[in-house]
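# Structural description and commentary
As a plain string of letters, each chain reads:
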Amino acid sequence: MKKLIISDRFAEILSDIGVKSVFTLTGGHIVPLLDSCRKEQIEIIDVRHEQNAVFAAEAYSRISGKLGVAIVTAGPGFMNSINSIATAYFSNVPLLVVSGRHYRRQEGKGGLQEFNHPPMVDEITKYSSTISNPKEFEQKINKAIKSCFDGRGGPSFIDIPLDVQVELINTSNKSPEIKTIATLKKSDTKKILKVKDSISKAKKPVLLIGSKVEGVKDLNKFVSQNKLPTYLSGQARGSIPFRSKYFFSRSRKHALSECDLVIALGVDFDFRLKYGEGISNEAIIITIDPDKDKLDWNIKPTVSINNSIDLIVNKLSSYTVQKDSKEWLKELRSVEKKQTKLIDQALEGYKGFHPEEFARIVAQYIGKDAIVAVDGGDIVSSTARRLQTSKQGWVLDPGPFGSLGTGPGYALGAKVAKRNKKVFIIFGDGGFGFNGFEFDTYIRLNLPIIGIVGMDGVWNNIKTFHEAYAPGNTVADTLGYRPYHKYIESMGGYGELVKKPEDLIPALKRADKSGKASLINVQLDQVVRKSSNYDS
Ligand SMILES: Cc1ncc(C[n+]2csc(CCOP(=O)(O)OP(=O)(O)O)c2C)c(N)n1
Ligand SMILES: [Mg+2]
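Residues numbered from 1 in each chain as written. Chains lettered and ligands numbered in written order. Predicted model: local features only at pLDDT ≥ 70, side-chain atom pairs only at ≥ 80, totals over all residues.

### Some thoughts on the overall build of the protein
What counts is decided by this rule: The way it works is that DSSP assigns letters per residue, a run of H or I at least four long becomes a helix, a run of E at least two long becomes a strand, and they are numbered from the N terminus. Any residue whose C-beta has 12 or fewer other C-beta atoms within 10 Å is treated as exposed, any with 20 or more as buried, and any in between as partly exposed, C-beta atoms being built from the backbone. The contact criterion used here is simple: two residues whose C-beta atoms, placed from the backbone, lie within 7 Å are in contact.
Along its length, the protein carries 21 helices and 19 strands. For the protein, the C-alpha atoms occupy an extent of roughly 70 × 60 × 45 Å along the three principal directions. Residue burial in the protein is summarised as follows: out of 536 residues, 49% are buried. For the protein, contacts bridging at least 24 residues in sequence account for 73% of all contacts bridging at least 6.

### A look at the site of ligand 1
This is how the line gets drawn: We call a residue near a molecule or strand when its C-beta atom, built from the backbone, sits within 6 Å of it. Three classes are used, and their members are as follows: Ala, Val, Leu, Ile, Met, Phe, Trp, Tyr, Cys and Pro are nonpolar, Asp, Glu, Lys and Arg are charged, and the others, Gly among them, are polar.
Every one of the 19 residues lining ligand 1 counts as a neighbour, but Gly376, Gly377, Gly428, Gly430 and Asn460 are closest to it. Listing elements by their share of the shell around ligand 1, those giving two or more residues are α15 (378-386), α17 (429-435) and α19 (460-469). Across the shell around ligand 1, the residue classes tally to five nonpolar, 11 polar and three charged.

### Some words on the nonpolar core
Note the threshold: Note on definitions: a nonpolar core is a set of buried residues drawn from Ala, Val, Leu, Ile, Met, Phe, Trp, Tyr and Cys, linked by C-beta atoms within 7 Å. Where each domain starts and ends follows an automatic or database-derived domain assignment.
Counting 101 residues, the largest nonpolar core has Ala56, Ala70, Val372 and Ala414 as its most contacted members. The element that contributes the greatest number of residues to this core is helix α3 (residues 50-64), accounting for eight residues. Both domain 1 (2-171) and domain 3 (346-523) contribute no fewer than three residues apiece to this core. Setting aside residues up to four positions removed in sequence, Ala414 forms contacts with Ala59, Ile63, Ile371, Ala373, Leu396 and Val423. Judged by nonpolar contacts, the second largest core, of 42 residues, contains Val223, Leu232, Ile285 and Trp328.

### Details of the packing of helix α9 (residues 186-201) against helix α12 (residues 309-316)
Selection rule: For helices, the fitted axis covers only the stretch in contact; all axes are lines through C-alpha atoms, and the angles between them, taken along N-to-C directions, range from 0 to 180 degrees. Here roughly perpendicular refers to angles of 65 to 115 degrees, roughly parallel to angles under 35, roughly antiparallel to angles over 145, and oblique to all remaining angles. The crossing is said to be left-handed when, going from far helix to near helix, the turn is anticlockwise and less than a right angle, and right-handed when the turn is clockwise.
At a minimum axis distance of 10 Å, the contact between α9 and α12 shows a crossing angle of 55°. As summarised for this structure, α9 and α12 are arranged oblique, according to the angle between their axes. Helix-helix and strand crossings are classified by hand; for α9 and α12 the assignment is right-handed. Along the contact surface, α9 presents Ile192, Val195 and Lys196, while α12 presents Ile312, Lys315 and Leu316.

### Observations concerning the sheet that holds strand β13 (residues 303-305)
Rules: Strands were regarded as paired on the criterion that DSSP finds at least two bridges between them.
Read across the open sheet, the five strands follow the order β10-β9-β11-β12-β13; overall the sheet is parallel. Because the sheet does not close on itself, it has two edges, and the strands there are β10 (230-232) and β13. Taking each pair of neighbouring strands and ignoring which way they run, the sheet shows an average axis angle of 15°. As paired elements, strand β9 (residues 205-209) and strand β11 (residues 261-265) share five bridges and run parallel to each other. From the neighbouring strand, Leu207 faces β11, where its bridge partner is Ile263. The strands touched by α9 are β9, β11, β12 (284-288) and β13; relative to β13, the strand with the most contacts, the crossing angle is about 130°.

### Notes on the sheet that holds strand β19 (residues 518-523)
In spatial order, the strands read β15-β14-β16-β17-β19-β18; together these six strands make up an open sheet with parallel pairing. The sheet is open, and its two edges are formed by β15 (395-396) and β18 (494-498), each paired on a single side.

### Some thoughts on the pairing of β18
Convention followed: For crossovers, right-handed means that the path from the first strand over the helix to the second runs clockwise, given strands pointing away from the viewer.
Burial of β18 is extensive: four of the five residues sit out of reach of the surface. By the bridge criterion, five bridges tie β18 to β19 in an arrangement that is parallel. From the neighbouring strand, Gly495 faces β19, where its bridge partner is Leu519. As for the winding sense of the linkage, the β-α-β connection from β18 through helix α21 (residues 501-514) to β19 is right-handed.

### Section: the domain arrangement of the protein
According to the domain assignment, the protein consists of domain 1 (2-171), domain 2 (186-332) and domain 3 (346-523). Each of domain 1 and domain 3 was reduced to a C-alpha centroid, and the two centroids are 31 Å apart. Facing the 23 residues of domain 1 at the interface are 25 residues of domain 3. Where the side of domain 1 that touches domain 3 is concerned, the elements lending two or more residues are β2 (21-24), α3 and α5 (82-90).

### A word on α9
Selection criterion: Multiplying 1.5 Å by the residue count of a helix minus one yields the expected span of that helix. Directions are taken from the helix axis to each C-beta atom, and the arc is the one they span.
If you check α9, its first and last C-alpha atoms are 24 Å apart, about what 16 residues at 1.5 Å a residue would give, namely 22 Å. The set of residues buried in α9 consists of Ile192, Val195 and Ile199. Buried residues in α9, looked at end-on, bunch into an arc of 60°, giving them a common side. Across from the buried face of α9, at angles greater than 90 degrees, the exposed residues are Lys186, Ser187 and Lys190. If you follow the buried residues of α9, they end up packed against β9, β11, β12, β13 and α12.

### Here we look at unusual backbone geometry
Residues other than glycine seldom take positive phi values, yet Gln41 does so here, at roughly 60°. Among the secondary structure elements, Gln41 is positioned in the loop between α2 (31-39) and β3 (43-46). Backbone geometry places Ala476, a non-glycine residue, at a positive phi of 55°. Within the fold, Ala476 resides in the loop between α19 and α20 (484-490). What makes Ala476 exposed here is the crowd of 8 C-beta atoms within 10 Å.

Quick look at the structure:
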């Protein structure tokens, strides 16, 4: 037993569970917490908007596999973080948000920034609570941290009154165990044999990979051994190599309507999969998910296994199945080719700077081995589809909550987690406007993150939808062309405007060479494309 003030014990726990960096924007209600992190030699990364502290903590968690932690001040600081907490919740990312809180003796008196935070985030956290009694600290912080890893994982929230942060407590030195070791249940073994049997009988199998496949060691072996055409959700990008002959991205609709078997690993059958409605009635559906509620969300699975994906895939990949998928793979490959041709046709003989051309060049430049945050509408969907990332989870997209503004925070968290890796952000010009001011943080902290803005002068993704709703009468859809690059330059970063496709790669090379936080602002034509998803 030893005596520590609560904020010191808090920092000690973070250290014990491997947290090396925390993200924050300062405020009077969190000074003791920040001071204790400093004493514990935890790196403190301070940003310009609390939203980005939490987005950064999310990316830190996704990229490093450690718990992401954000510390925000009471009242408005907390309020600013809510969108990001929701984003992490819907993307199932383990994350601890800690907020300061007014003195206990001021409760109900209208003190500065007095607010009862936990009820606001109950809906979007695994656990949320106030630590008002110092004696409850160990138990509550343990519960908050452990809850982050429940099921698929998600954010937890605690707030600690300023006076409680400096209370002395007796502590036992025991910090929470954050990783539980998954074990096979009896019923799982039977189900695994059923899955194996279904795979061997299937003539037209499809593998869908959603989230929670980070660290699934035998995924590639499982895919190639069973010759499974595989489709990845945004968050699963890089789970199988871009060049794998089982990697497919443009034929999913066709595959699902024609298949006889769907294996879904950590998949949400939400709007992104048309609520499961496009799946052939003949298909056997197998769902494997650490989150029980997701096993039959919008679908009726034939077999469902509620366990760690790593464990189940490991067992499944110990079987060798003889099967011939040649015809099926050929069929899907030809659908992919047709789709690619359709997109590329738009570029044939095109005179200006088409967004698809931007997507092609940017994806080519970024290559396989960089982390990419994506933040925008149409420009992001076109570019993300072409990215060749072959590292699990290294495309950081906002997930199903679909918030704009995630890019700067995500890139920051990723760069802090992996300093020696290149980190890019692909922005729409709309997306850039939300949190582009974080470039100041990159400049201050000397982080050479490269942003690329696809500047088409409009909120294109919504303009397209609006145009279909009220042809010729769209409103609130115009941004115009702006010198975003000059703003970065004026702050001490590197910036360039690019207007021609052939100038883009040289500009990116110069940005890279500058070693500075950079923004390449790419002026594109405004081209109507159908990518919105509001009608289903
Ligand atoms: C915080 C937030 N506000 C509004 C939206 C609605 N929205 C989705 S896409 C989009 C347009 C994005 O424009 P831009 O980033 O310029 O990309 P473009 O579609 O023009 O390529 C908007 C406004 C959103 N998703 N998130
Ligand atoms: Mg735009």
